Amino acid sequence: MSQQITIVNDDLDLSFKNEASILELLLKHDINIDHSCGGMGSCGTCRILVKSDLKVLPERNEVELERAEDLQFEADERLACQLCPLNNLKIEIP
């Protein structure tokens, strides 16, 4: 059974298997998203908005937490390079 995430603002479902991050998944599917630091979590340009229930998300790791505090992210704002793909997750790319 295929796992997938949905990009709601493009009405697009992306299947995934072993991608380590949403950024990796987006790039694999040729989805354009800024990622100035190359996925290291230091720039904040790969910000996505989570449209699914936020309770299903893992806590932010140390790298993402620091960047989120610096940029004053809301709870639904996450870094695509630091968040692993979760089945049936719905996201928006601002």
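One can find the structure itself at the top, above this paragraph.
Everything quoted here is computed from the prediction, not taken from an experiment.

Here is what the cut-offs are and how they apply
- Per chain, the residues get numbers from 1 upward, laid out in the order the sequence is written.
- A pLDDT threshold of at least 70 governs which residues receive local features in this predicted model, and a stricter bar of 80 or more applies before side-chain atom pairs are shown or counted, although totals over entire chains, interfaces and linings include all residues.
- Values reported for side chains reflect all heavy atoms of the structure, with hydrogen atoms and water molecules removed beforehand.
- A run of H or I in DSSP counts as a helix once it spans at least four residues, and a run of E counts as a strand once it spans at least two, with each numbered from the N terminus.
- Accessibility here uses a 1.4 Å probe with only protein chains present; expressed as a share of the type maximum, an area under 20% marks a residue as buried, one over 50% as exposed, and anything in between as partly exposed.
- Being paired, for any two strands, means DSSP has found at least two bridges between them.
- Between Lys or Arg on one side and Asp or Glu on the other, a salt bridge is scored when a side-chain nitrogen of the former is within 4 Å of a carboxyl oxygen of the latter.
- Lines are fitted to the C-alpha atoms to define the axes, a helix being fitted only along its stretch in contact, and any angle between axes, read from their N-to-C directions, falls within 0 to 180 degrees.

Below, the discussion takes up the environment of Lys-28. Structurally, Lys-28 is set in helix H1 (residues 22-28). Its relative accessible area of 55% is what places Lys-28 among the exposed residues.

A few words on the pairing of strand S5 (residues 89-92). Only one face of S5 is buried: it carries Leu-89 and Ile-91, and the other face, with Lys-90 and Glu-92, is open. Pairing of strand S1 (residues 3-7) with S5, which is carried by 3 bridges, proceeds in the parallel orientation. Its bridge partner lying in S5, Ile-7 is registered against Ile-91. Taken together, the 2 bridges between strand S3 (residues 47-50) and S5 define a ladder with antiparallel strand orientation. Across the sheet, the residue bridging to Leu-49 is Glu-92, located in S5.

Our next topic: the pairing of strand S2 (residues 12-16). Along any regular strand, the residues point their side chains to alternate faces of the sheet. In the sheet, S1 pairs with S2 via 5 bridges, with the strands oriented antiparallel. For Gln-4, the partnering residue across the bridge sits in S2 and is Ser-15. Joining the antiparallel neighbours S1 and S2 is a turn of 4 residues, in which Asp-11 adopts a positive phi near 45 degrees.

So, on to the pattern of salt bridges. Applying the stated criterion across every chain, the model contains 6 salt bridges. One salt bridge in this structure joins Lys-28 and Glu-19, with 2.7 Å as the shortest N-O distance. Taken together, the shared-partner salt bridges connect Arg-60, Glu-64 and Arg-78 into one network.

Turning to unusual backbone geometry, a few remarks are in order. Phi at Asp-11 takes a positive value of approximately 45 degrees, unusual for a residue other than glycine. Examined against the element boundaries, Asp-11 turns out to sit in the loop between S1 and S2. Its identity is not glycine, yet Asp-30 carries a phi of approximately 60 degrees, on the positive side. Here Asp-30 shows up in the loop between H1 and S3. With relative accessibility at 71%, the residue Asp-30 sits in the exposed group.

Quick look at the sheet that holds strand S4 (residues 77-79) now. Strand order in the open sheet formed by 5 strands is S2-S1-S5-S3-S4, with mixed pairing between adjacent strands. The open sheet has two edge strands with one neighbour each: S2 and S4. Strand-to-strand, the axes of this sheet are offset by a mean angle of 40 degrees, without reference to chain direction. Taken together, the 3 bridges between S3 and S4 define a ladder with antiparallel strand orientation. Across the sheet, the residue bridging to Leu-49 is Glu-77, located in S4.

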